[in-house]
Amino acid sequence: MTSAASHAVDSSCRPASEQPSLIEQEFDVAVGRYPRVAIMPEVRRLSVVSPWRTTFTIALQWVMILAAGTLAAKSGHWLVYLLAMAVIGSRQQALGILVHDATHYLLYRNRTVNDLVSDLCCAFPVNMSTTLYRHTHFRHHRFTNTEQDPDWVLQQRDPDWRWPKTRREAVILFFRCALALNMRGAYKAAAVWSPAAHLLDRLGPAYPLHCRVLYLLSSAAIWVVLIQTGILLPAIVLWIVPAMTMLNVTNRMRATAEHILTPNTHELDSTRTVIPSPWERFFIAPLNINYHLEHHMFPSVPSWNLGRLHGLLMQDPQFRSQAHITRSYFGRAGLISELMLPETAATGHPSAPACH
């Protein structure tokens, strides 16, 4: 099997005056890569970071969160609460995707500002640390679908990530996710990036002291505000319940789509891009996270430009014929159907993804 390694930030998209860090230099080895020369001028154009676009995008997520929460709290009706939690869960997914962009330094040009805004406005609220996530995510890019890929290793250890599944097994899995019955395994996986779980770890670049202090101070400030304003209980319900249920389902779907059961014979079929329906885009794959193949090929492109990058790549016959593109998550020929074990083979199926 060939590894679908790719640059975290393509060197040709960097200003000549800026030298790549040691972390970025480890991405300079790639095997079986799609030829990039012809498309690089467009990639450079699409790789420009826009602070104004970032600020607007972050603000929009919080406007939707606060609007949904306020409407639910004022109405007091259980149905409005359910609708609000569905919207909030989708925006929690969006905040996690913004952390992913920040990991690649794509929110703001200044790296200190990039990480500060990411932690305070996106990562800490969803129990993530930008630097902790970066610590493992760059290795995922370099060693995709191999024993050195931390995401792949985690999925091998958890039976819930093993596909193909029978229809019954798939229904049970997502039923457990929707009712938060899989929280032990889910928390164990998420704890790798949790700022709270690593507070007492030895100091290091993956989670420096200033990030820990920032987490403690920001958390204390939020608790004080919630208590003083008397909205602690509804805030907990509207934030924690969606994270344990709605986000638990949609994040499982999104992460499953990215690499599981891809052929892995070359770069174009080691990662899956999904073309979602409008409702899937809102709840499962906001902010263009569905264009995961394009992201692995060109990690220097911010999420808001991945759709345009996909359109450019689709003009190339090689990409169009060889890229692993799935139409929808739940459609008849969508992701779930692609990963499902045929009914006639309901017994004796493999116990792990065919990643090799």
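Report follows, based on the coordinates. (Residues numbered from 1 in each chain as written. Predicted model: local features only at pLDDT ≥ 70, side-chain atom pairs only at ≥ 80, totals over all residues. Heavy atoms only, no water.)

1. A word on the overall build of the chain
The secondary structure content of the chain amounts to 17 helices and two strands. Relative to its full complement of 356 residues, the chain shows a buried share of 49%. Taking contacts inside the chain between residues at least 6 apart in sequence as the whole, the part at least 24 apart equals 71%. For the chain, the computed accessible surface area is about 17,100 Å², with 66% contributed by carbon and sulfur atoms. (Helix = DSSP H or I, 4+ residues; strand = E, 2+ residues; numbered from the N terminus. Buried < 20%, exposed > 50% of the residue type's maximum accessible area, 1.4 Å probe, protein only. Contact = heavy atoms within 4.5 Å. Areas by Shrake-Rupley, 256 points an atom, 1.4 Å probe, with all protein chains shown as cover.)

2. So, helix α15 (residues 306–313)
If you check which residues of α15 are buried, you get Leu 306, Leu 309, His 310 and Leu 313. The buried residues of α15 occupy one face: seen down the axis, they fall within an arc of 105°. The inward-facing, buried residues of α15 contact α2 (40–46), β1 (273–275), α14 (292–297), α16 (317–322) and β2 (325–327). (Arc of directions from axis to C-beta.)

3. Remarks on a nonpolar patch on the surface
Judged by side-chain polarity, Trp 223, Ile 227, Ile 236, Ile 240 and Met 244 come together as a nonpolar surface patch covering roughly 450 Å² of accessible area. Among the elements of the structure, α10 (209–228) and α11 (232–244) are those that each provide at least two residues to the nonpolar patch. A total of three residues in the nonpolar patch trace back to one element, the largest contributor, which is α11. As for its placement among the helices and strands, Ile 236 is situated in helix α11. (Patch = residues over 30% accessible without salt bridge, like charges linked within 9 Å, V, L, I, M, F, W, Y side chains within 5 Å. Salt bridge = Lys/Arg side-chain N within 4 Å of Asp/Glu carboxyl O.)

4. Some details on the nonpolar core
The biggest cluster of nonpolar side chains holds 22 residues, and the ones touching the most others in it are Leu 95 and Leu 238. Elements that contribute at least two residues to this core include exactly α3 (51–75), α4 (78–103), α5 (111–123) and α11. Broken down by element, this core gets its largest block of residues, eight residues, from α4. For Leu 238, the contacting residues outside a window of four places in its chain are Gly 69, Ala 72, Tyr 81, Ala 84, Met 85 and Ile 88. Judged by nonpolar contacts, the second largest core, of 20 residues, contains Cys 177, Ala 255, Tyr 329 and Met 340. (Core = buried A, V, L, I, M, F, W, Y, C linked by side-chain atoms within 4.5 Å.)

5. Describing empty space enclosed by the protein
This structure, assessed with the given rule, holds one cavity of 30 Å³ or more. Around the largest cavity, the lining residues are Arg 254, Ala 257, Glu 258, Arg 272, Val 274, Ile 289, Asn 290, His 292 and Tyr 329. Tallying contributions element by element places helix α12 (residues 246–259) first for the lining of the largest cavity, with three residues. Residues that form the lining of the largest cavity fall into these classes: four nonpolar, two polar and three charged. (1 Å grid on protein atoms, 1.4 Å probe; cavity = no way out; pocket = protein on both sides within 12 Å on 5 of 7 lines; lining within 4 Å. Points joined across faces, edges and corners; volume = space filled by probe spheres on them. Nonpolar A, V, L, I, M, F, W, Y, C, P; charged D, E, K, R; others polar.)

6. Topic: the pattern of salt bridges
All chains considered together, the criterion is met by six salt bridges. Across the pair Arg 45 and Glu 42 runs a salt bridge whose closest N-O atoms are separated by 2.3 Å. With Arg 45 and Glu 42 both in helix α2 and three residues apart, this pair spans about one turn of that helix. Overall, the relative accessible area of 43% leaves Arg 45 in the partly exposed class. The partner of Arg 254 in a salt bridge is Glu 258, with the nearest N and O atoms 2.5 Å apart. Of this pair, Arg 254 and Glu 258 both sit in helix α12, four residues apart, which is roughly one turn of that helix.

7. Section: unusual backbone geometry
Here the residue pair Trp 163 and Pro 164 is connected by a cis peptide bond, since its omega of 5° sits within 30 degrees of zero. Here Pro 164 shows up in the loop between α7 (150–157) and α8 (167–178). The residue Leu 261 is not glycine, and still its phi comes out positive at about 60°. Structurally, Leu 261 is set in the loop between α12 and β1.

8. Thoughts on α5
Every α-helix carries 3.6 residues per turn, so stepping three or four residues along brings you back to the same face. Its 13 residues give α5 an end-to-end C-alpha distance of only 15 Å, which falls more than 12% under 18 Å, the value for a rise of 1.5 Å per residue. Considered for burial, the residues of α5 that qualify are Asn 114, Asp 115, Val 117, Ser 118, Asp 119, Cys 122 and Ala 123. In this structure, the buried side of α5 is in contact with α3, α4, α6 (130–142) and α10. Capping the start of α5, Asn 110 holds a side-chain oxygen 2.9 Å from the backbone nitrogen of Thr 112, two or three residues further along. (Expected span 1.5 Å × (residues − 1). Polar contact = N/O pair within 3.5 Å; in protein donor to acceptor, adjacent residues only side chain to side chain.)

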